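One letter stands for each residue in the lines below.
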Amino acid sequence: MPLPTTVPARELVTIADSTIRIPDQDCLIHLQFRRFAGCPVCNLHLRSFAVRHAEILAADIREVVVFHSSAAELRKYEGDLPFDLIADPTRTLYREFGIEAKPRALLDPRAWPTIIRGVTTASLAVFRKEKPAPPTKPEGGRLGLPGDFLIAPGGRVVASKLGKHADDQWSVDELLALVPSSEPQH
């Protein structure tokens, strides 16, 4: 299935019960597809974005993060993140954007260091009673692959990436490097 080159206008409901429009007529949208609520790898990744959220906003990018979990599960595990979070337990958006669930999500050795770091970080947070334990049987399973789409105000997909394993997604630096510059090129 080919990746979308344009995204038709739509409204999505966040886990906070607010409605957002994609595309956003005022800024770029970084539409991230993550795995399940409480995923240790996703949590590490999203915390790196939360720490640099002001920098992302300054680049005129709005973060919208989709999980294949219910809104209730997302509020339990991810509710403190400063982005718009979208529950997609039926994987409707995942199918539309070509995001797959494959065993290679966890079996690829390139993901293992981050899986270990994520599980360690999650275990420490549980031990310190800062977070609930990750689910043993996550909604929608644990084999989801990540995906990233940068969407311009008119709906054109500026850039996209489909992950090959659980830790294969854009970093903040990679995202910021994709933003079209308004300065003249010399």
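Residues numbered from 1 in each chain as written. Predicted model: local features only at pLDDT ≥ 70, side-chain atom pairs only at ≥ 80, totals over all residues. Heavy atoms only, no water.

1. Digging into the nonpolar core
- Ile22, Leu31, Phe33, Phe67, Phe97 and Phe149 are the most contacted members of the largest nonpolar core, which has 41 residues in total.
- No other element matches the 5 residues that strand S4 (residues 61–67) contributes to this core. (Core = buried A, V, L, I, M, F, W, Y, C linked by side-chain atoms within 4.5 Å. Buried < 20%, exposed > 50% of the residue type's maximum accessible area, 1.4 Å probe, protein only. Helix = DSSP H or I, 4+ residues; strand = E, 2+ residues; numbered from the N terminus.)

2. Remarks on the packing of aromatic side chains
- Going through the model one piece at a time under the given rule, you end up with 4 aromatic pairs.
- Pairing Phe33 with Phe97 gives two aromatic rings, centres 5.3 Å apart and planes at 45°, and the pair type is tilted. Of this pair, Phe33 sits in strand S3 (residues 28–33) while Phe97 is found in helix H4 (residues 92–97), placing the two residues 64 residues apart along the sequence. One exposure class covers both Phe33 and Phe97, and it is buried.
- Look at Phe33 and Phe149: their rings are 6.0 Å apart centre to centre, the planes differ by 80°, and that puts the pair in the edge-to-face class. Of this pair, Phe33 sits in strand S3 while Phe149 is found in strand S6 (residues 147–151), placing the two residues 116 residues apart along the sequence.
- Here Phe149 falls in the buried class, since its relative accessible area comes to 0%. (Phe/Tyr/Trp six-rings, centres within 6.5 Å; stacked < 30°, edge-to-face > 60°.)

The quantities given are spatial measurements derived from coordinates; they are silent on function.
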